[in-house]
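Tertiary structure, described
Here are the chains, one letter per residue:
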Amino acid sequence: MNINNSIFFALAEEQLAEGRRVKMSLRGTSMLPTLREEDVLTLEPMNDEPRVGDVLLFRHDGGHIVHRLVKREGDTCIMQGDNCYGTEAVTRRDIVARVVAVTRPDDRVVTTDSPEWQRTSRRSLCRKRLRNTVIRCFGRQGRRQLRPWYFAALAFLMWAPLNGIGIPLDNYIFGLRADHLLHASVFIPCTLFIMDVIGKRWLVWFAAVGIGLLTEGVQWLLPYRGYDVNDLIANALGVTLGWVVILAIKRKGSH
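Rules of the game
- Residues numbered from 1 in each chain as written.
- Predicted model: local features only at pLDDT ≥ 70, side-chain atom pairs only at ≥ 80, totals over all residues.
- Heavy atoms only, no water.
- Helix = DSSP H or I, 4+ residues; strand = E, 2+ residues; numbered from the N terminus.
- Buried < 20%, exposed > 50% of the residue type's maximum accessible area, 1.4 Å probe, protein only.
- Contact = heavy atoms within 4.5 Å.
- Areas by Shrake-Rupley, 256 points an atom, 1.4 Å probe, with all protein chains shown as cover.
- Lys, Arg positive; Asp, Glu negative; His and termini not counted.
- Charge placed at Lys NZ, Arg CZ, Asp CG, Glu CD.
- Salt bridge = Lys/Arg side-chain N within 4 Å of Asp/Glu carboxyl O.
- Phe/Tyr/Trp six-rings, centres within 6.5 Å; stacked < 30°, edge-to-face > 60°.
- Pairing = 2+ DSSP bridges.
- Expected span 1.5 Å × (residues − 1).
- Arc of directions from axis to C-beta.
- Core = buried A, V, L, I, M, F, W, Y, C linked by side-chain atoms within 4.5 Å.

**Description of the overall build of the protein chain**
Check the secondary structure of the protein chain and you find seven helices and 10 strands. For the protein chain, the spread of C-alpha atoms along the three principal axes comes to 80 × 35 × 35 Å. Expressed as a percentage of its 255 residues, the buried residues of the protein chain come to 38%. Taking as baseline every contact in the protein chain between residues at least 6 positions apart, the subset at least 24 positions apart corresponds to 56%. Element-wise, carbon and sulfur atoms account for 60% of the exposed surface of the protein chain, whose accessible area totals about 15200 Å². Computing the positive centroid from 34 side-chain charges and the negative centroid from 26, the protein chain places the two 3 Å apart.

**Re the pattern of salt bridges**
Applying the stated rule across the entire model yields 19 salt bridges. A salt bridge links Arg143 to Asp196; the nearest nitrogen and oxygen atoms lie 2.8 Å apart. Taken together, the residues Arg143 in helix α3 (residues 140-159) and Asp196 in the loop between α5 (190-194) and α6 (201-221) connect sequence positions 53 residues apart. Salt bridges linked by common partners bring Arg21, Glu44, Asp48, Arg51, Asp54 and Arg98 together as one network.

**Examining helix α4 (residues 178-187)**
In terms of burial, α4 is a largely internal element, seven of the 10 residues being buried. Of the positions making up α4, those classed as buried are Ala178, Asp179, His180, His183, Ala184, Val186 and Phe187.

**Here's the deal with the packing of aromatic side chains**
Scanning all chains against the criterion turns up six aromatic pairs. With centroids separated by 5.0 Å and ring planes inclined at 75°, the aromatic side chains of Tyr150 and Phe151 adopt a geometry described as edge-to-face. What makes Tyr150 buried here is its relative accessible area of 12%. By the ring-pair criterion, three or more aromatic residues cluster together here, those being Trp202, Trp205, Phe206 and Trp243.

**Overview of the pairing of strand β2 (residues 40-45)**
Alignment of strand β1 (residues 22-25) against β2, held across four bridges, turns out to be antiparallel. The partner of Val22 across the bridge, within β2, is Leu43. In the sheet, β2 pairs with strand β7 (residues 95-103) via six bridges, with the strands oriented antiparallel. In the sheet register, Thr42 faces β7, and the bridge partner there is Ala101.

**Description of α6**
With 21 residues, α6 should cover 30 Å at 1.5 Å per step; its first-to-last C-alpha distance of 31 Å lies within 8% of that length. Burial in α6 covers these residues: Val204, Ala208, Val209, Gly212, Thr215, Glu216 and Gln219. Relative to the axis of α6, the buried residues are bounded by an arc of 130° and lie together on one face. Residues of α6 that are exposed and point over 90 degrees away from its buried face: Phe206, Leu214, Trp220 and Leu221.

**Here's the deal with the nonpolar core**
Ranked by internal contacts, the top residues of the largest apolar core, which has 19 residues, are Leu35, Leu41, Leu43, Val55, Leu57, Val66 and Val99. Only α1 (5-17), β1, β2, β3 (55-60) and β7 provide two or more residues apiece to this core. A total of four residues in this core trace back to one element, the largest contributor, which is β7. Residues within four places of Leu35 in sequence aside, it is in contact with Leu26, Leu41, Val55, Val66, Val102, Arg104 and Trp117. Listed in part, the 15 residues of the second largest apolar core include Met158, Val186, Phe193 and Val204.

**Thoughts on unusual backbone geometry**
Here the residue pair Leu32 and Pro33 is connected by a cis peptide bond, since its omega of 0° sits within 30 degrees of zero. Relative to the helices and strands, Pro33 resides in the loop between β1 and β2. Residue Asp61 is not a glycine yet carries a positive backbone phi of 50°. Among the secondary structure elements, Asp61 is positioned in the loop between β3 and β4 (63-73). Residue classification places Asp61 among the exposed positions, given a relative accessible area of 74%. Phi at Asp107 is positive, roughly 75°, even though this residue is not glycine. With a relative accessible area of 64%, Asp107 lands in the exposed category.

In structure tokens:
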């Protein structure tokens, strides 16, 4: 028999308040790969303080969510799904229960104190911290802060007299000249840092290629730097790689 979510969770909270365990089937993909749809969660009442890494049932915006506790700031608990970019900030009073076991569709039971679960949780937290760091650095606000530093570094690398400081840029790495690899590498983030300034995605590529042409054109005017059409090609390849990555991320985020 199917019952309304609000009725189910009201009954579940009554059972938990009486000190009983509750089971519920998981819906949604926000906790992939740790938890999957059709997993059956065993929940127990919160008799102690939640710990970072715990998977918890909590109230949020009039509903109930099962996500992982990723940070604790006093009475505020920061929750995040293992497959989510966003977070939920709730109070300790909003936390209803802790997941203590998971029954997989093949009837295999994994308890949260088992080595398997602990390994999965550690990997999830490491991925989440890395992803959150990347988002902080390269999200919209991070890009705004890093943009002038990136273009200052780009100008230095393209126009400074690097030939005079003994860097062997004419060496070969995997059959490719080191200076061509350098050109391609430094232009990969270029589209990322101008995408907020130029609205249309196809224009972002042309603008970034134009920056590559500009930097190489200025090198032609500098007596201590050399103009090389292969550098132009390397710049365009780096821009194209960065642009394709951005398109792939945008497309994934839209699904």
